[in-house]
Amino acid sequence: MSTRTTLPSLLLGPAEESWGDERERSVMLEAYAYVFILTTIVLWTVGAVVAWFIPAWVTIVLFVAFAVPSLEWARYCSSRDVDVNTLAYGGSSFLRTALSGLYFGACAVSMALAAVDDLSPDDDSSSLYGAITGGVVGAVAVILVLRLQARRKLNRTDLADDE
């Protein structure tokens, strides 16, 4: 029987002694989560500011590079049957999740505006404002839809548990 080596197993080394006992492992995993969130906030904030001083192509590369870890996190959780949307949008963490989503959305809008401004310096601000308004309305709609879906899933799970 062959053992499949994956990027997560190479990076994490889950069987290594460096993980310590269960308490130490729990603390280390919590620290990784904390640092991931902190790094994400810092990088998106820096990206939102420096995007106005760098070429559009660099802003686009940064945007993709900033999005990849979060996309991989969601993929990794999903591959192990963890529904991150239900966890994030279904319970009491909804407000924190929604506010952080709006913050990252604002950073993304800043980066997009800087790139658009660099690529087309024409002063056609009405279409730009329309794009911003559409993006904001769309982001709020997505957050609300995810909240409704998560609540419905949790309610179905509660009903199934009661039977």
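Criteria and cut-off values
- Residues numbered from 1 in each chain as written.
- Predicted model: local features only at pLDDT ≥ 70, side-chain atom pairs only at ≥ 80, totals over all residues.
- Heavy atoms only, no water.
- Helix = DSSP H or I, 4+ residues; strand = E, 2+ residues; numbered from the N terminus.
- Buried < 20%, exposed > 50% of the residue type's maximum accessible area, 1.4 Å probe, protein only.
- Contact = heavy atoms within 4.5 Å.
- Expected span 1.5 Å × (residues − 1).
- Bend = angle between axes of the 7 residues up to and from the residue.
- Patch = residues over 30% accessible without salt bridge, like charges linked within 9 Å, V, L, I, M, F, W, Y side chains within 5 Å.
- Areas by Shrake-Rupley, 256 points an atom, 1.4 Å probe, with all protein chains shown as cover.
- Salt bridge = Lys/Arg side-chain N within 4 Å of Asp/Glu carboxyl O.

On to the environment of Thr45. Tracing the sequence through the fold places Thr45 in helix α2 (residues 22-50). Look at Thr45 and you get partly exposed, because its relative accessible area is 29%. Excluding its chain neighbours within four sequence positions, the residues that come into contact with Thr45 are Tyr103 and Cys107.

Further remarks concern unusual backbone geometry. Glycine aside, a negative phi is what most residues show, and trans is what most peptide bonds show. Although it is not a glycine, Asp81 adopts a positive phi angle of roughly 60°. Here Asp81 lies in the loop between α3 (56-79) and α4 (84-90).

A word on α3. The end-to-end C-alpha separation of α3 is 34 Å, in line with the 34 Å expected for 24 residues at 1.5 Å each. At Val68, α3 shows its largest kink, close to 30°, and the proline Pro69 lies no more than four residues downstream. Those residues of α3 not exposed but buried are Ala56, Thr59, Phe66 and Cys77.

Together, Leu95, Leu99, Leu102, Val136, Val140 and Leu144 line one region of the surface with nonpolar side chains, adding up to about 540 Å² of accessible area. Looking at the nonpolar patch, the elements with two or more residues in it are α5 (94-119) and α6 (125-162). Position of Leu99 relative to the elements: it lies in helix α5.

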